[in-house]
Amino acid sequence: MEASRSKITLKELCGGLPVSPLSPPRTRDPSIAHAPVRTHSLTPKQKELALSNALRYFPDRCHSILGPEFAEELRVFGHIYMYRFLPDIDMRAYPIHEYPARTSKAAAVMHMIMNNLDPRVAQYPQELVTYGGNGSVFSNWAQFWLVMHYLSIMTEEQTLVMYSGHPMGLFPADPRSPRVIVTNGMVIPNYSTKANYDEMFALGATIYGQMTAGSYCYIGPQGIVHGTTLTVLNAGRKYLGLESLAGRVLVTSGLGGMSGAQAKAAVICGCIGVVAEMSEEALMKRHAQGWLQEYTDNLDVLIKRIRETRAKKEATSIGYLGNVVDVWERLVAEYEATGELLVELGSDQTSCHNPFGGGYCPVQLSFQEAEEMLAKDPYRLKTLVQESLRRQIAAINKLADAGLFFWDYGNAFLLEARRAGADVSKPGTEDPLTFRYPSYVQDIMGDIFSLGFGPFRWVCTSGDPADLQTSDDIAYNVLATICSEDLPKNVQQQYADNMRWIKEAGKHKMVVGSQARILYSDQRGRVKIAQAFNDAVRVGKIKAPVVLSRDHHDVSGTDSPFRETSNVYDGSAFTADMAVQNFVGDAFRGATWVALHNGGGVGWGEAMNGGFGLVLDGSEDSHYRATLMLNWDVSNGVARRAWSGNENAQATIVRSMAEDPRLKITLANSADPALVARSLDNV
């Protein structure tokens, strides 16, 4: 048994790699969840390369001790995590003034990194995975130690350059430039397959940063609960024609890092959320945090509770410890036996961006059996996963024919179901972007994005809940002021939804980890809120700097043809100019740090996405940066969506140009389809 070790201080944590003396061995904590064994097909020579790559972080004198140890990690876990160097510290976001840094911007980045690895927040903290099964902050613990050291000694004339988890070093830079530049998973396009990723990750050459994992901007499941709430509310309006979802049932799956928001969102929306989860650890974690109200592992009990809560119109969340395929098939059986449709809305939030690497547990296996098969027979597991996907879709199709409204939540569920041979194609079309069921972006969130609204978030680095409450009040007042003006009805609706959200945010107790908040706002709202926060920091109303950020899943942040840009129909959905331009534009308009990632949400090779962090310290410089950068961060994506022909985006960008005469956007002229057809007929 591992001997207990004394905790280290933040100053010691920032002192560099603990090699003098060498940190004693450490084993994984069996009481917390761990990443599944990573699969790869490294040759003997490649295994030597992987080990050499890991050892180069350490002085030669350490190699004889670390070499065999790291080789065993590669053999047993499929990756070299360097567990020996797990830091003996309570991993969490400490108040910013406690970090031994030379600049508050570097200290803010430290605050955000440690939050991403907080065991209350992270999915597999000891494997440096924040969410999504493989969304990594770093590849190994040596990288963490080095990054914390570099940030502690950084000045305003240096930039930390991050290559897929690896700190390349501090480089001289202008004080106006970003303090950190992050790229994750950037590969030559022809080498962006899942097999390429498995090989490069095992070699220690790249990581999958998901979205806010590798950009240090994750804020726990709250980060998606608001988007999920808006999605469910607008699904009720669009599909059911209802403002109230009382007595209506939403069936979905997943209670992990991101999907854990579903249970909370269902209750906020006033409906009955039924969420299946195979991992008992994940389900119990959400129940203990108060995000999941009740649970059962018995299908009979589940069906009984659905009927009871429907009759009472009780808003609740019911976790089912088991496979969602069993739930869907049981709902079909109930419908066929009684004619009663027990579900109105359905979706799925399993990690289908990584279905064969632990992201989707097939119905034929238990959770433990699936993990064992992943390690021993991954090809057999793939076969079972695809069979399970076909069964799941077959059940959903039967219920949809009876009146269920189902949508894809942008996790590549329908994409992988199609690849598995499931019946998800829309009759009469061969368009690769079109399925029998819509993406939630196509049907719901796409209209919101095109208005310029998206997931804007902030973190109070003091760590004081009172500062978060103050920021909530400030944000509400800003939105209320804007909402009092004469706005288009669809814009007014978005402001009203978000005012209600921020007014009730505190009572829903959504904070897990850092003192953070999220709301959906457009360009004008984001800028005004940022300016108001900066003023509050300047006068001491908020006691420490505020970090602004957003989900990469936003108006401009992500090019993803099966999610964020699935409602772009001009043939450019598979291009990535928008996300790359956003990353570059944020960098030279004032962001404190920027990140650009391969993948995110729908999987490696399926998207390009980027994000930022911006520290508001109360200065005039922060005011200028926030104003310039946030205007660009939204208008870039609205302009692209307007050029593709989206009418909401066209109206929005015209209003933006009227507000800022410096903004000049190329506007699209619509071609008459009949004229186009006649022109081609004459060729």
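Residues numbered from 1 in each chain as written. Predicted model: local features only at pLDDT ≥ 70, side-chain atom pairs only at ≥ 80, totals over all residues. Heavy atoms only, no water.

Colleague: Please explain the overall build of the protein as it appears in this structure.
Modeller: Along its length, the protein carries 23 helices and 17 strands. Taken over the C-alpha trace, the protein has a radius of gyration of 25 Å; the compact-globule value for 683 residues is 26 Å, and the two agree within 12%. Burial statistics for the protein: of 683 residues in total, 61% are counted as buried. Element-wise, carbon and sulfur atoms account for 53% of the exposed surface of the protein, whose accessible area totals about 26100 Å². Charge-centre separation for the protein: the mean point of 65 positive side chains lies 2 Å from the mean point of 74 negative side chains. (Helix = DSSP H or I, 4+ residues; strand = E, 2+ residues; numbered from the N terminus. Rg over C-alpha atoms; globule rule 2.2 N^0.38 Å. Buried < 20%, exposed > 50% of the residue type's maximum accessible area, 1.4 Å probe, protein only. Areas by Shrake-Rupley, 256 points an atom, 1.4 Å probe, with all protein chains shown as cover. Lys, Arg positive; Asp, Glu negative; His and termini not counted. Charge placed at Lys NZ, Arg CZ, Asp CG, Glu CD.)

Colleague: Looking at this structure, how should I read the nonpolar core?
Modeller: The tendency in soluble globular proteins is for nonpolar side chains to be buried as a group. Of all hydrophobic cores here, the largest spans 158 residues; its most connected members are Phe58, Trp458 and Leu548. One finds Val274, Leu341, Cys361 and Ala420 within the second-largest nonpolar core, a separate group that totals 53 residues. (Core = buried A, V, L, I, M, F, W, Y, C linked by side-chain atoms within 4.5 Å.)

Colleague: Help me out: how do you make sense of the domain arrangement of the protein in this one?
Modeller: By a widespread convention, an interface's size corresponds to the accessible area lost as its parts come together. If you check the domain split of the protein, you get domain 1 (14-119 + 138-203), domain 2 (221-440) and domain 3 (446-659). Between the C-alpha centres of domain 1 and domain 2 the distance comes to 34 Å. Each partner contributes to the interface: domain 1 provides eight residues, whereas domain 2 provides nine residues. Between domain 1 and domain 2 lies a buried interface of about 600 Å² when both sides are counted; carbon and sulfur atoms form 55% of it. Among the residues domain 1 hides against domain 2, the three largest losses belong to Pro36, Val37 and Thr39. Together they make up 52% of the total. (Domains from an automatic or database assignment. Contact = heavy atoms within 4.5 Å. Buried area = accessible area lost by both parts, 1.4 Å probe.)

Colleague: Whenever I open this one, the pairing of strand E7 (residues 272-277) confuses me. Can you help?
Modeller: Of all the six residues making up E7, six are buried; the element is thus mostly covered by neighbouring parts of the structure. In this structure, E7 lies alongside strand E9 (residues 316-321), joined through six bridges in parallel fashion. Across the sheet, residue valine 275 finds its bridge partner in E9, namely glycine 319. (Pairing = 2+ DSSP bridges.)

Colleague: Explain the sheet that holds strand E10 (residues 345-346) here, please?
Modeller: The pairing of strands in a sheet happens through backbone hydrogen bonds and is either parallel or antiparallel. In space, the six strands of this open sheet follow the order E8-E9-E7-E6-E10-E11, with parallel pairing throughout. Two strands in the sheet have a free side with no partner beyond their single neighbour: strand E8 (294-296) and strand E11 (405-406). Alignment of E10 against E11, held across two bridges, turns out to be parallel. Paired with leucine 345 across the bridge in E11 is phenylalanine 405.

Colleague: Please clarify how the pattern of salt bridges should be interpreted in this entry.
Modeller: For side chains of opposite charge, pairing can occur when their charged atoms come near one another. Enumeration according to the criterion identifies 40 salt bridges in this entry. Two residues, arginine 305 and glutamate 308, come together in a salt bridge whose shortest N-O distance is 2.8 Å. A residue pair is termed a helical-turn pair when its members lie 3 or 4 positions apart in one helix, as arginine 305 and glutamate 308 do in helix H10 (residues 299-312) at three residues. Under the relative-accessibility criterion, arginine 305 is labelled buried at 17%. For glutamate 308, a relative accessible area of 25% gives the class partly exposed. Residues arginine 640 and aspartate 559 are paired through a salt bridge, measuring 2.6 Å at the closest nitrogen-oxygen approach. (Salt bridge = Lys/Arg side-chain N within 4 Å of Asp/Glu carboxyl O.)

Colleague: I would appreciate a short explanation of helix H18 (residues 489-504) in the present structure.
Modeller: Two residues of an α-helix separated by three or four positions point the same way, owing to the 3.6 residues in each turn. Its 16 residues place the ends of H18 23 Å apart at the C-alpha level, agreeing with the 22 Å of an ideal helix rising 1.5 Å per residue. All of the buried residues in H18 are Val491, Gln494, Tyr495, Asp497, Asn498, Met499, Trp501 and Ile502. (Expected span 1.5 Å × (residues − 1).)

Colleague: How should the side chain of lysine 264 be read in this particular structure?
Modeller: Mapping lysine 264 onto the fold places it in helix H8 (residues 261-269). One buried charged residue, lysine 264, forms no salt bridge at all, with the nearest opposite charge on glutamate 504 at 11 Å. Excluding residues that lie within four positions of it along the chain, lysine 264 makes contacts with Val225, Gly290, Trp291, His508, Lys509 and Met510.

Colleague: Please clarify how unusual backbone geometry should be interpreted in this entry.
Modeller: Glycine aside, residues mostly have negative phi angles, and peptide bonds mostly take the trans form. Between serine 20 and proline 21 the backbone carries a cis peptide bond, its omega angle lying at 0°. Within the secondary structure, proline 21 sits in the loop between helix H1 (10-13) and helix H2 (44-55). If you check the backbone angles, tyrosine 216 has positive phi at about 65° while not being a glycine. Position of tyrosine 216 relative to the elements: it lies in the loop between helix H6 (194-203) and helix H7 (222-240). You can call tyrosine 216 buried: its relative accessible area is 2%. Residues other than glycine seldom take positive phi values, yet lysine 509 does so here, at roughly 50°. Note on placement: lysine 509 falls in the loop between H18 and strand E13 (516-521). Looking at lysine 509, the relative accessible area reads 63%, which means it is exposed.

Colleague: Would you mind going over the packing of aromatic side chains with me for this structure?
Modeller: Given two aromatic rings, one states the distance between the centres and the angle between the planes to describe the pair. Applying the stated criterion across every chain, the model contains 23 aromatic pairs. Between tryptophan 328 and phenylalanine 406, the aromatic rings sit 6.2 Å apart at their centres with planes inclined by 70°, giving edge-to-face as the arrangement. Placement of the pair is tryptophan 328 in helix H11 (residues 324-338) and phenylalanine 406 in strand E11, with a sequence separation of 78 residues. By the burial criterion, tryptophan 328 is buried, and phenylalanine 406 matches it. Residues phenylalanine 453 and tyrosine 495 carry aromatic rings whose centres are separated by 5.3 Å and whose planes lie at 80° to one another, so their mutual orientation is edge-to-face. (Phe/Tyr/Trp six-rings, centres within 6.5 Å; stacked < 30°, edge-to-face > 60°.)

Colleague: Explain H7 here, please?
Modeller: Taking 1.5 Å per residue, 19 residues should reach 27 Å; H7 reaches 26 Å between its end C-alpha atoms and fits that length. In terms of residue burial, H7 counts as a mostly covered element, since 17 of its 19 residues are buried.

Colleague: Just to check I follow, could you spell out the environment of histidine 79 for this structure?
Modeller: Note that histidine 79 resides in the loop between helix H3 (63-77) and helix H4 (104-116). For the pair histidine 79 and leucine 203, spaced 124 residues apart in sequence, the C-alpha to C-alpha distance is 7.9 Å. Sequence-distant contacts of histidine 79, that is, excluding residues within four places in its chain, are made with Arg38, Glu73, Leu74, Ser139, Phe201 and Ala202. Among the polar contacts listed, one links the side chain of histidine 79 to the backbone oxygen of phenylalanine 201, at a separation of 3.0 Å. (Polar contact = N/O pair within 3.5 Å; in protein donor to acceptor, adjacent residues only side chain to side chain.)

Colleague: Sorry if this is basic, but what is going on with the packing of H2 against H6 here?
Modeller: Helix-helix packing is described using two parameters, namely the angle between the two axes and the distance between the axes. Here H2 crosses H6 at 50°, and the two axes come no closer than 8 Å. With respect to their mutual orientation, H2 and H6 come out oblique. The segment H2 lies against H6, with Gln46, Leu49, Ala50 and Asn53 engaging Glu199, Ala202 and Leu203. Taken together, the residues that form the contact of H2 with H6 break down as four nonpolar, two polar and one charged. (Axes fitted to C-alpha atoms, helices over the stretch in contact; angles between N-to-C directions. Parallel < 35°, antiparallel > 145°, perpendicular 65-115°, else oblique. Nonpolar A, V, L, I, M, F, W, Y, C, P; charged D, E, K, R; others polar.)

Colleague: Would you mind going over a nonpolar patch on the surface with me for this structure?
Modeller: A cluster of nonpolar side chains, namely Leu675, Val676, Leu680 and Val683, defines an oily patch on the protein surface of about 420 Å² accessible area. On the secondary structure map, leucine 680 appears in helix H23 (residues 673-681). By relative accessible area, leucine 680 is classed as exposed at 60%. (Patch = residues over 30% accessible without salt bridge, like charges linked within 9 Å, V, L, I, M, F, W, Y side chains within 5 Å.)

Colleague: Explain the packing of H7 against H8 to me, please; I cannot follow it from the model alone.
Modeller: As a packed pair, H7 and H8 sit with axes 8 Å apart at the nearest point and diverge in direction by 50°. In this view, H7 runs oblique relative to H8, as classed from their interaxial angle. Pair H7 / H8 crosses with right-handed handedness. In this structure, H7 contributes Ile224, Val225, Thr228, Thr229, Val232 and Leu233 to the contact, and H8 contributes Ala261, Gln262, Lys264, Ala265, Ile268 and Cys269. A class-by-class count of the residues in the contact of H7 with H8 yields eight nonpolar, three polar and one charged. (Left-handed = near helix turned anticlockwise from the far one by under 90°.)

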